[in-house]
Amino acid sequence: MRVGFIGLGAMGLPMARNLRSAGFDVVVHNRSRGKVDDFVAAGGEAASSPAEMAASVDVVCACLPIPPVCEDVFLGADGVIEGATDGQLWIDFSTNGPDTSQRISDAAAGKGCGYLDAPISGGVWGAEAGTLAIMVGGEASDFERGGPVFDAVGANIRHFGASGSGSVVKLCNNLIGAATNAVISEAYVAAVKYGIDPAAMYETLQSATAASPGHERMVKDSVLARNFDAMFALDLHAKDQQLAADLGKLTGVRLAVTSTVNELYKEAQARGYGGQNTSAIIRPLEDLHGVTVEPAS
């Protein structure tokens with residue numbers, strides 16, 4: 001099976017490598033050429049455009065940053081749709097709103113192709129290890145066809161229903177993560193303002209009911225270490241928060257906490273923290289109160 005992969009970012013590049021390691025012939029395309037050249041040097045192939053790629057593969061995969069880019073890559077000029085062949089399968093690992101997923105799905109069907117919205121979670125470490133959680137929407141028959149591809153990059157793979165379903169589950173995952181980050185920020189800034197050693201508090205809370213992998217990654221690995229290098233950029237989490245807020249409008253469900261967290265992420269972007277890790281959501285609150293959440297000396 002020949003598999004195309006578009007988008008060699010922090011998640012996409014290790015996923016493409018895992019596909020090649022699993023025995024697929026992998027053809028890649030990326031806006032910047034450096035990662036493409038490295039991939040080809042290691043035994044992969046390259047295409048000059050999404051259309052050229054689509055004309056030569058059985059499955060087209062993509063992992064892209066924002067919905068407009070996804071729509072352009074799949075449906076725009078020189079996009080996947082221009083090179084698509086009847087019976088081809090498209091797998092979109094990007095995080096989109098269900099409306100974007102449905103538009104691409106409808107266009108794929110018009111070309112005789114299957115489309116799966118299959119957003120991922122698990123971070124760069126999960127992409128490298130091939131243990132990603134994958135939330136899939138689309139036809140059950142297409143999900144079955146995509147099984148070998150999913151098995152090469154993920155470990156917890158579930159089909160949730162019709163097109164758009166995977167996107168909804170991913171947005172729910174990310175809105176929970178963003179809200180968790182926001183409330184952790186408030187807890188630790190308040191504690192430090194009072195005079196508590198945040199490192200000691202972390203050790204206690206991580207053995208109490210506040211314990212979670214998210215708490216560990218944000219506080220131990222980032223905030224206390226003062227390491228805000230982007231593993232998952234705040235800008236991208238803010239994009240997902242806006243999509244989550246839009247989901248509330250789509251479903252008619254009051255998402256008061258999500259809407260508030262959405263504004264907090266916008267505030268962090270406005271203060272210049274968008275390019276840092278999503279844990280930098282704590283930094284505007286630190287700035288406001290004149291404290292730094294770091295171990296007591």
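Below or above, wherever it landed, is the structure these notes cover. Remember, it's a predicted structure, so these values are computed and weren't measured experimentally.

Rules behind the numbers
- Residues numbered from 1 in each chain as written.
- Predicted model: local features only at pLDDT ≥ 70, side-chain atom pairs only at ≥ 80, totals over all residues.
- Heavy atoms only, no water.
- Buried < 20%, exposed > 50% of the residue type's maximum accessible area, 1.4 Å probe, protein only.
- Helix = DSSP H or I, 4+ residues; strand = E, 2+ residues; numbered from the N terminus.
- Arc of directions from axis to C-beta.
- Contact = heavy atoms within 4.5 Å.
- Polar contact = N/O pair within 3.5 Å; in protein donor to acceptor, adjacent residues only side chain to side chain.
- Salt bridge = Lys/Arg side-chain N within 4 Å of Asp/Glu carboxyl O.
- Core = buried A, V, L, I, M, F, W, Y, C linked by side-chain atoms within 4.5 Å.
- Axes fitted to C-alpha atoms, helices over the stretch in contact; angles between N-to-C directions.
- Parallel < 35°, antiparallel > 145°, perpendicular 65-115°, else oblique.
- Left-handed = near helix turned anticlockwise from the far one by under 90°.
- Phe/Tyr/Trp six-rings, centres within 6.5 Å; stacked < 30°, edge-to-face > 60°.

Observations concerning helix H11 (residues 198–205)
Looking at H11, one finds that the buried residues are Pro 198, Met 201 and Tyr 202. One face of H11 carries all of its buried residues, which in axial projection span an arc of 105 degrees. Residues of H11 that are buried make contact with helix H10 (165–194) and helix H12 (213–223). Of the residues flanking the start of H11, the one acting as N-cap is Asp 197, its side-chain oxygen 3.0 Å from the backbone nitrogen of Ala 199.

Quick word on unusual backbone geometry
In the Ramachandran plot, Asp 78 falls in the positive-phi region, its phi being about 65 degrees despite a non-glycine side chain. Secondary-structure assignment places Asp 78 in the loop between helix H4 (67–75) and helix H5 (80–83). Residue classification places Asp 78 among the partly exposed residues on the basis of a relative accessible area of 40%. You will see that Arg 226, though not glycine, has its phi angle at about 55 degrees, which is positive.

A short note on the pattern of salt bridges
Under the defined criterion, the tally for this structure stands at eight salt bridges. When the shortest N-O distance is used, the salt bridge between Glu 71 and Arg 103 registers 2.7 Å. Of this pair, Glu 71 sits in helix H4 while Arg 103 sits in helix H6 (residues 98–110), and the two are 32 residues apart along the sequence. Here Glu 71 falls in the partly exposed class, since its relative accessible area comes to 22%. With its nearest N and O atoms 3.5 Å apart, the salt bridge here joins Arg 271 to Asp 287.

So, the nonpolar core
The biggest cluster of nonpolar side chains holds 32 residues, and the ones touching the most others in it are Phe 5, Ile 91 and Phe 93. Look past the residues within four positions of Phe 5 in its chain and what remains in contact with it is Gly 12, Met 15, Ala 16, Leu 19, Val 27, Val 28, His 29, Met 53, Cys 61, Cys 63 and Phe 93.

Points about the packing of helix H13 (residues 234–251) against helix H14 (residues 256–270)
Where H13 meets H14, the closest approach of the two axes is 9 Å, and the angle between their N-to-C directions is 150 degrees. With respect to their mutual orientation, H13 and H14 come out roughly antiparallel. Helix-helix and strand crossings are classified by hand; for H13 and H14 the assignment is left-handed. Contacts between H13 and H14 involve Leu 234, Asp 235, His 237, Ala 238, Gln 241, Gln 242, Ala 244 and Ala 245 from the first element and Thr 258, Val 261, Asn 262, Tyr 265, Lys 266, Ala 268 and Gln 269 from the second.

What to know about the packing of aromatic side chains
The relation between two aromatic rings is expressed through the spacing of the ring centres and the mutual angle of the planes. Tallying each qualifying case throughout the model produces five aromatic pairs. Seen from their ring centres, Phe 74 and Tyr 115 are 6.1 Å apart, and the 90 degrees between their planes marks the pair as edge-to-face. In this pair, Phe 74 sits in helix H4 while Tyr 115 sits in strand E6 (residues 114–117), placing the two residues 41 residues apart along the sequence. Relative accessible area serves as the criterion here: at 0%, Phe 74 is assigned to the buried category. For Tyr 115, a relative accessible area of 3% translates into the label buried. Where Phe 143 meets Phe 150, the ring centres are 5.8 Å apart and the plane angle is 35 degrees; that geometry is what we call tilted. Across the pair, exposure class does not vary: Phe 143 and Phe 150 are buried alike.

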